[in-house]
Amino acid sequence: GVLVLQRSWDFDLAIQEVDLGVEISLYDESRNRIDGSSLFTKLEDDIRIGTGKKQLDLKDIDGQIHTGLASTIKDKGVVLGYLVTSISQQVIEDATKRVAVLLIVSGLVLVLLAAAIAILMARSFIEPISQLIKDFSAIANGNINHKLNITRRDEFGELARNFYFMQSAIKD
């Protein structure tokens, strides 16, 4: 959703809220709402706004709590009104839950991916070591003519080649 603020030709502020759960409200110096919406019809007197931006907890006409910021609009020191931007705490809670679920699912996917990579890496070590153990055992059990299957070009292949050279030296 998009929140659109537009200034019309007669300098009234037209506000359109689209699907965000964000409310922008204008109030006059008496704290009465002037932009036509009825979510918060009047800023209560016990809501202290002061001179700067203040965080507010507001209750709308349906009893839902909104968290917002209020700014005083002044011209030459005279309070003209207030601008309040607020969002429903229910919207915040729903978004927080969605993010939590997304993080949990992403974490599980990453754990499964890491486990799959670990299994593949372990296999790449276990299979050549198992083959070398079989070959070494055959030679150790007296089969000096056992042929080593040397196809790898990594450290395991180098170990098998060196063992083959040792086997050839023993045969001679």
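Calculation criteria
Per chain, residues are indexed from 1 in the order of the written sequence. Given that this is a predicted model, residues contribute local features only at a pLDDT of at least 70 and side-chain atom pairs are listed and counted only at 80 or more, while totals for whole chains, interfaces and linings are drawn from all residues. Only hydrogens and water are set aside; all other atoms, that is, all heavy atoms of the structure, feed into the side-chain values. A helix here means a DSSP run of H or I that spans at least four residues, while a strand means a run of E at least two residues long, and both kinds are numbered starting from the N terminus. The span one expects for a helix is its residue count, reduced by one, times 1.5 Å. The criterion used for residue contact is that any of the two residues' heavy atoms lie within 4.5 Å. Pairing of N or O atoms within 3.5 Å defines a polar contact, subject to two protein rules: one partner must be a possible hydrogen donor and the other a possible acceptor, and residues neighboring in sequence count only if both atoms are side-chain atoms. Between buried and exposed lies partly exposed: a residue is buried under 20% and exposed over 50% of the maximum accessible area for its type, with that area taken using a 1.4 Å probe on protein chains only. A patch consists of residues exposed above 30% relative accessible area that lack any salt bridge, with like charges linked at up to 9 Å and nonpolar side chains (Val, Leu, Ile, Met, Phe, Trp, Tyr) linked at up to 5 Å. Every accessible area reported is derived by Shrake-Rupley at a probe size of 1.4 Å, with residue values counting cover from the shown protein chains alone. Salt bridge, as used here: a side-chain nitrogen of Lys or Arg that lies within 4 Å of a carboxyl oxygen of Asp or Glu. Nonpolar core, defined: a set of buried Ala, Val, Leu, Ile, Met, Phe, Trp, Tyr and Cys residues in which side-chain atoms within 4.5 Å join the residues together. In this analysis, strands are considered paired if DSSP registers two or more bridges between them. Each residue gets a pLDDT score, which is the predictor's confidence in that residue and runs from 0 to 100. Working convention: axes come from line fits to C-alpha atoms, limited for helices to the stretch in contact. Angles between N-to-C directions cover 0 to 180 degrees. The scheme is simple: roughly parallel for angles under 35 degrees, roughly antiparallel for over 145, roughly perpendicular for 65 to 115, oblique for anything else. Gly is put with the polar residues, along with every residue not named as nonpolar or charged; the nonpolar set is Ala, Val, Leu, Ile, Met, Phe, Trp, Tyr, Cys and Pro, and the charged set is Asp, Glu, Lys and Arg.

Chemist: With reference to specific residues and values, describe helix α2 (residues 155-171).
Modeler: Taking 1.5 Å of rise per residue, the 17 residues of α2 would be expected to cover 24 Å, and the 24 Å separating its terminal C-alpha atoms lies within 8% of that figure. Where the residues of α2 are buried, they touch α1 (89-140). The opening residue of α2 is Asp154, an N-cap whose side-chain oxygen sits 3.2 Å from the backbone nitrogen of Phe156.

Chemist: Which residues make up the environment of Phe156, and what values do they have?
Modeler: Structurally, the position occupied by Phe156 is in helix α2. Of the residues examined, Phe156 reaches a relative accessible area of 17% and is grouped as buried. Taking the C-alpha atoms as reference points, Phe156 and Leu132, separated by 24 residues in sequence, lie 8.2 Å from one another. Among all residues touching Phe156, those that are not within four sequence positions of it are Ser124, Phe125, Pro128, Ile129 and Leu132.

Chemist: Describe a nonpolar patch on the surface, listing the residues and the values that go with them.
Modeler: Taken together, the side chains of Leu110, Leu113, Ile117, Met121, Phe125, Ile126, Ile129 and Ile133 make up a nonpolar region of the molecular surface, amounting to roughly 790 Å² of accessible area. Within the fold, Leu113 resides in helix α1. Classification of Leu113 by relative accessible area gives partly exposed; the value is 48%.

Chemist: Summarise the nonpolar core; cite the residues concerned and give the values.
Modeler: With six residues, the main nonpolar core is built from Tyr27, Leu56, Leu58, Ala70, Tyr82 and Val84. Of all elements in the fold, only β4 (54-59) and β6 (78-88) reach the threshold of two or more residues within this core.

Chemist: Any details on the environment of His66? Residues and values, ideally.
Modeler: With respect to the helices and strands, His66 occurs in strand β5 (residues 65-75). C-alpha separation for the pair His66 and Glu23, spaced 43 residues apart in sequence, amounts to 9.1 Å.

Chemist: I'd love a proper account of the pairing of β5, names of residues and values included.
Modeler: One ladder, built from 10 bridges, connects β5 with β6; its direction is antiparallel. Looking at the pairing, Ser71 lines up with Leu83 of β6. The turn joining β5 and β6, which pair antiparallel and follow one another in sequence, is formed by two residues; a positive phi near 55° is taken by Lys76.

Chemist: Tell me about the confidence of the model for the chain, residues and numbers included.
Modeler: Here the chain averages 75 in pLDDT, while 76% of its residues score no lower than 70. Strand β1 (residues 4-7) is the least confidently modelled element of the chain, averaging 40 in pLDDT, while α1 averages 91, the highest of any element. In this model, residues 1-19 is a region of pLDDT below 50 whose contacts with residues beyond four sequence positions or in other chains number 26 contacts.

Chemist: Residues and numbers for the pattern of salt bridges, please.
Modeler: As enumerated under the stated definition, the model contains one salt bridge in all. Arg152 is paired through a salt bridge with Asp154; the nearest N and O atoms lie 2.5 Å apart. Since its relative accessible area comes to 32%, Arg152 is described here as partly exposed. Using a relative accessible area of 24% as the deciding quantity, one classes Asp154 as partly exposed.

Chemist: Lay out the packing of α1 against α2 with the relevant residues and their values.
Modeler: Where α1 meets α2, the closest approach of the two axes is 10 Å, and the angle between their N-to-C directions is 10°. In this view, α1 runs roughly parallel relative to α2, as classed from their interaxial angle. The segment α1 lies against α2, with Ser124, Phe125, Pro128, Ile129, Leu132, Phe136 and Ile139 engaging Phe156, Leu159, Ala160, Phe163 and Gln167. Here the contact of α1 with α2 is composed, by residue class, of 10 nonpolar, two polar and no charged.

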